[in-house]
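# Fold and geometry: a report
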Amino acid sequence: MRRPLTLVCAALLTIAVPASAQTYINFVTCPTVRDVGPEVDVCFYADYQGETYDLVPVGVIDWGKPELRHQLLVEGEVVEDQTYCGGRRFNGRTTVLPTVDHRCNDYMPFNNAIVGEQRIDKRADHPKYKAVFEAMRTDPSVSIQPAPVGLPVASAIKQTSDDDERQLIVYFPFDRDRIDGVTAGKLIKFVDEAKHDSGKVIIRSYQAETLLDNSERLAEKTGMAAQRATKMKRILVGLGLSEDQLSTHVEVENIPGKGIHDWKNRRIELTWEASGA
Amino acid sequence: MEVTRLGRVTALLTGILAATLSHVHASEVQQPSAPDYSTAATDDWWSPDTTATFPAYAEYANTAGRIGIINTGGEIDTRNHPFFAVIGSNGRACVTCHQPSDGMSLSLETIRERWAATLGKDPLFDAFDGADCPDKPAGEESSHSLLLNHGLIRIGMPWPPAPYAPDPVDVEFDIEVVRDPTGCNLSPTWGINSATPTISVYRRPRPVINIAHMVELPHGVGPHDKFFYADKNLLHTDPETGEFVQGLLMADARGLTPRNQARDAAKNHLGLERPLSESELQAIEQFELQLFGAQSVDAIGGPLDGPGTPPGLGPNAPVNVPRGTLGNNPVNRVFGDFSMWTDGEQSGDEAGAFKASVARGADVFYRKRFYINDVGAYNDKGLGNPFKRSCASGCHNTLGMGMDMGPFPMDLGTGTYPWQNTRDDLPLFKVTCRPDAIPHSYLGPVVYTHDPGRALITGRCRDIGAIMTQQMRALSARAPYFSNGSAATLQELVDFYDRRFNIGYSDQEKTDLINFMRTL
């Protein structure tokens, strides 16, 4: 069961916010891999309640890419008018469930009907590196020197906006403590700034359950929030913070699922309380 | 850019000059100033404690042509040098298993020649790790079957795993010896039930050239100069300096730095009871970081270095190629541009046809995509399963070297059921994971393997069978391939991948790929 909700601006502020129907999806599925052309990577989709969904959420999160031989937990909010892989797109997260499930092994061969996009535009006449290819003709060693131009990447990493320089929110896959690459970069920056200050960095770690559309509740295992906090503490110390600077708070109970972005409850909030603040 | 190009030319000239002035091996013209190789000149074997100068540049013959080894530090006197001197109890030195003629590794051909020349008396065949098990009868070929047939050295790993990182190891699995053809894993003295429980696995010596590339942290792919790509844990740190390190040196990534690796090897392969001294460690590290090598001449294609040759070939290339740089994009390809050889067939001669084949092989390596699937500790690191890439844009993406820029041992299946080449001569282990452990991502909680690999270090089920990818240089000098020597030739290596990933290479593509790889 999908969850169509209408969010209304409750504060009745002076800015009028139009009501919009939003569709939330929360389900576990076997991904099907679709070949979308000889020169591009595969994509993944699933059919669910009469709709087809692209199983890679909008944005770049490097821990949720679907895997055959595993079921996938899908949590998100459908993005209207965006499709890929023959399916509707969504904002949210996916988690590869750890148990091996050999039933999840469906391939859809390339059929010319759905053609994928190049992650990197490889056209030799692309204006950004046409000159490089020209240079290679007279000096082949250019081909083994560092790239002199930035490569034209089709889809840049989207930064989330719910953090500022003194607060960082880190989201996690279901029942895992793995962070993503974008967050890792943010942590480096966060620590670089905080380690020169004697102020505290507070780690607040949470774990949560997910309410699926079929009313089933998936609860994270006991101790998950503590495990995340321990890992985060190790990363922060490894990047240069002193243990004395860190204060850790762990919420041991699962935050109940509501079926609306439950993935956002699987998080760590990092707050840097600067000494001069 | 200008400085870098100038540097390449300078180094090229240096290399040529060095080749002209210093010792060139037996098959080459002897220079008047050539050092005395009297104890090592009858063949390419470099014996420990040889009184000789290790030259700034030397070439050594192999079946595909010649390999060139550049020592950027200039020639060194090897007397009492800890890489060349017998410092342990078994008569070996580092050079025993890291021979210049073999790309500083050890080819099966060399091992067999050494057996024949010494009737098995060479310290290489020391029973502790040069035999299938130390308790095998001395002097019999059958006691050394894995070394003589596949170039494998016995590695005794403590069971349960000993911590190599500061944290204790939480072992997530139990291990059972299903088959023990060497008798070592069930030996009451040497096996898993002995007083010092040990699991014996059998691995190839890795090449000690281009180490400067192997220890370089990746550039331009932040945050992965601090974080593992695979699991976004922080990279390991050098216990001596506290700096982040790559860990590419050993098959199971246990020796994080040249110094770590040297300590491990001195203890476990040289029979050295004492710790290596600081001066010994410095000498070994310095020597290893200044060694570069690649095939220099192809028997058919001719010289691989110099004008008109692909810039990624020849021994000067590893000296000059930027280190720790991603080479999987349209501008930087792993081994550079081969277009100058594309039309080689128009020359009408064998060399031209060979060069055209190499150029086609490079193109297959760079461009031909296939499904990379069910690779433990690889597809599960966020790439998806399957992941559709070419050789170069998948696992062999480091500029100039061809190892993985996001290094992490992975289970390709070279030693794990059901993918491995059938090997009745290796031990077979049944690894069973605890119910609460995250299992091997594609084989589940029970895995049959000839080598648990990285899991014998971390204790993690997800690391079962995981072996670190290898640089692709000097392939012609150091057959057989894969950590367990299961590919006797480059043909067998390509055939394994073709079968493993259902690539569907044509015979011509296979030939071209092999020709390409033999020039590296």
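Residues numbered from 1 in each chain as written. Chains lettered and ligands numbered in written order. Predicted model: local features only at pLDDT ≥ 70, side-chain atom pairs only at ≥ 80, totals over all residues.

Attention shifts here to the packing of helix H12 (residues 490-500) of chain B against helix H13 (residues 507-518) of chain B. All names here are of chain B. One way to put it is that H12 packs onto H13 with a least axis distance of 10 Å and a crossing angle of 125°. The angle between H12 and H13 falls in the class oblique. The crossing of H12 and H13 is right-handed. When H12 is examined against H13, the residues Leu490, Gln491 and Val494 are found in contact with a partner set consisting of Lys510, Leu513, Ile514, Met517 and Arg518. (Axes fitted to C-alpha atoms, helices over the stretch in contact; angles between N-to-C directions. Helix = DSSP H or I, 4+ residues; strand = E, 2+ residues; numbered from the N terminus. Parallel < 35°, antiparallel > 145°, perpendicular 65-115°, else oblique. Left-handed = near helix turned anticlockwise from the far one by under 90°. Contact = placed C-beta atoms within 7 Å.)

With that settled, consider the interface of chain A and chain B. With 38 residues of chain A at the interface, the matching set in chain B holds 43 residues. Contributing elements (two or more residues each) for the side of chain A that touches chain B: strand E7 (87-100), helix H1 (130-138), helix H2 (181-194) and helix H3 (224-239) of chain A. At four residues, the largest contribution of residues to the side of chain A that touches chain B is made by H2(A). Looking at side-chain class alone, the side of chain A that touches chain B contains 24 nonpolar, six polar and eight charged residues. (Nonpolar A, V, L, I, M, F, W, Y, C, P; charged D, E, K, R; others polar.)

This next bit is on the domain arrangement of chain A. Residues and elements named next belong to chain A. Examined at the domain level, chain A breaks down into domain 1 (3-108) and domain 2 (167-273). Placing a centre on the C-alpha atoms of domain 1 and another on those of domain 2 gives a separation of 23 Å. Of the residues lining the interface, 18 residues belong to domain 1; the matching set on domain 2 comes to 16 residues. If you list the elements that add at least two residues to the side of domain 1 that touches domain 2, you get strand E1 (3-7), strand E2 (20-29), strand E6 (70-84) and E7. Broken down by element, the side of domain 1 that touches domain 2 gets its largest block of residues, five residues, from E2. Among the residues making up the side of domain 1 that touches domain 2, the classes are represented as nine nonpolar, four polar and five charged. (Domains from an automatic or database assignment.)

With that settled, the discussion passes to the sheet that holds strand E3 (residues 65-71) of chain B. Residues and elements named next belong to chain B. Strand order in the open sheet made by the four strands is E2-E3-E8-E9, with antiparallel pairing throughout. In this open sheet, the two strands that pair with only one neighbour each are strand E2 (57-62) and strand E9 (302-303). With seven bridges joining them, E3 and strand E8 (residues 291-298) adopt antiparallel strand pairing. Pairing of Ile70 across the sheet is with Phe292, part of E8. (Pairing = 2+ DSSP bridges.)

What follows concerns the sheet that holds strand E12 (residues 428-433) of chain B. Residues and elements named next belong to chain B. Strand order across the open sheet formed by three strands is E6-E12-E13, with antiparallel pairing between neighbours. Single-partner strands in this sheet number two, and they are strand E6 (173-179) and strand E13 (446-449). Ignoring which end each strand starts from, the neighbouring axes of this sheet average 20° apart. Sheet analysis places E6 next to E12, joined by six bridges and oriented antiparallel. Bridge pairing in E12 links Val177 to Phe429.

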